[in-house]
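# Residue-level structure breakdown
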Amino acid sequence: MLNYLKKEVNEIINRGLDRTLRIAVTGLSRSGKTAFITSLINQLLHINRVDNAHLPLFEAARSQSIIAVKRIHQLNLSIPRFDYENNLKALAQQPPTWPQSTRGVSETRLAIRYQHQDSLMSYLKETGTLYLDIFDYPGEWLLDLPLLDLNFQEWSQELFRLNYGQRASLSSGWIEKVKNLDLSAVADEDILAQLSQDYTNYLLECKQKGLHFIQPGRFVLPGDLEGAPALQFFPLIHLTEEEWSALKNRKQSNSYFSLLNQRYEYYRQNVVKSFYKDYFSTFDRQVILADCLTPLNHSQQAFLDMQEGLQQLFKNFHYGKRNLLHRLFSPQIDKLMFIATKADHITSDQLPNLISLMRQLVQEGGRYVEYEGIETEYTAIAAIRATQQVIVNQNGQSFRALQGVRSSDKQKVIIYPGTVPNRLPPAEFWQKQHFDFDQFEPQPLTSGESISHLRMDAVLQFLLGDKF
């Protein structure tokens, strides 16, 4: 007990002096969260007092203000440690492979020793330490946060609104089974479990087709809840208002309708709410990652679905300027960064288009946080480089192309990836234009060297630059 209180007191002191910074890294499935955090840690660990050429845009590294960085034990022992070492091993293999994707919550803590520069603290103390806590979360779990404000009927009707196009086609078989269910009858646990599995299979098919808005998110990434009754329910998107009223008036405690309501409410209160309370209310800064290129290979609906998912990601976070009281008792996010990943899958002249496209995807939420005075940034990066840009001469003309190992056949290729739209194309454009952005394997990691990246130094400058 004494050790626990000591840790709490130390944490309060560190927060009061602004010596602790908690950064949340999130994004939708396959947006590159694991690669991003692995590279972020790696770039910081390779900072030294001699040569920081790998981070030219990070002022604290360029000016050699940072003395040393090391990983230390995290304070919360109940959260799995981010598997940085095994991620590096995957990159160091011959041939290199991508690290395993995020399957649950993880955390890492870094201690950054630095020289005080041009501040009052430089007269009181020559050096300081910033404790950096980095949290990794599956984006699908974050998409459950809107459930905090929706009852079972409202949630079902919200999913009905999104059930068009590809979703309507994919969900038709599952919906027909639910329509044949007498919701007022006494519930059979086995039938509930099977229909819930059918609904889960439908969500997994949505993911496979490039649709990102998945609820409940734990159904596709259950973690330690796999097989639990808490994940055995489904929405009733086929009911009319009259049918909802009739079922509510019957009030049969052991019916399918009653059990679905109960399990939804349990999930909302005991899974989503506790997850929010334990983690999200403590963040200082937030990074939202998105792979804006891969959905272009699917359909307009896939892209619109991604937009819906991204805007849902930050609606339930606390945004507001930080002051002493906020740091001590109610931390709020004061910096928000939207990052388009896989920027090395296009040529450098297309980066402005990619960033513009990212803005289009999140502009509604982006306007909101900018209005609240939150410092917001949009950028495009490659946390772990997979390609190199080359100049190709053809028919007397020179043009930019990419060289890398293609994931589909593991062949080394030189390709021209084409033009990225700078905004979401209209429906008719999707009917005429076919996008085909290739996926590539990571570049080999040289022992002792930092991970090759594109613009991770700009990310570090935005997230950490004001702390040094």
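Residues numbered from 1 in each chain as written. Predicted model: local features only at pLDDT ≥ 70, side-chain atom pairs only at ≥ 80, totals over all residues. Heavy atoms only, no water.

## Observations regarding the pairing of strand β4 (residues 127-136)
Where burial is concerned, most of β4 is hidden: nine out of the ten residues are buried. As paired strands, strand β1 (residues 20-27) and β4 are joined by six bridges and run parallel to one another. Paired with Ala 24 across the two strands is Phe 135, which belongs to β4. Examined bridge by bridge, strand β3 (residues 106-115) and β4 share ten bridges and lie antiparallel to one another. Residue pairing in the sheet places Arg 113 in a bridge with Thr 129 of β4. (Buried < 20%, exposed > 50% of the residue type's maximum accessible area, 1.4 Å probe, protein only. Helix = DSSP H or I, 4+ residues; strand = E, 2+ residues; numbered from the N terminus. Pairing = 2+ DSSP bridges.)

## A closer look at the pattern of salt bridges
Per the stated rule, a full pass over the model turns up 19 salt bridges. Note that Asp 334 is salt-bridged to Arg 285, the shortest N-O span being 3.0 Å. Remark: Arg 285 occurs in strand β5 (residues 285-290) and Asp 334 occurs in the loop between α13 (324-329) and β6 (335-340); sequence separation between them is 49 residues. By relative accessible area, Asp 334 is classed as buried at 14%. The class for Arg 285 is buried, based on a relative accessible area of 1%. Taken together, the shared-partner salt bridges connect Arg 285, Asp 334, Lys 335, Glu 375 and Asp 466 into one network. (Salt bridge = Lys/Arg side-chain N within 4 Å of Asp/Glu carboxyl O.)

## Topic: empty space enclosed by the protein
Using the criterion set out here, one finds three cavities of 30 Å³ or more in the structure. The computed volume of the largest cavity comes to approximately 110 Å³. The set of elements that each furnish at least two residues to the lining of the largest cavity consists of α7 (152-162), α8 (166-179) and α9 (189-208). Top contributing element to the lining of the largest cavity by residue count: α9, with three residues. By residue class, the composition of the lining of the largest cavity is ten nonpolar, two polar and one charged. What the second largest cavity holds in volume is close to 50 Å³. As for the second largest cavity, its lining consists of Leu 91, Ile 384, Arg 385, Gln 443, Pro 444, Leu 445, Ile 451 and Ser 452. Split into classes, the residues belonging to the lining of the second largest cavity amount to five nonpolar, two polar and one charged. (1 Å grid on protein atoms, 1.4 Å probe; cavity = no way out; pocket = protein on both sides within 12 Å on 5 of 7 lines; lining within 4 Å. Points joined across faces, edges and corners; volume = space filled by probe spheres on them. Nonpolar A, V, L, I, M, F, W, Y, C, P; charged D, E, K, R; others polar.)

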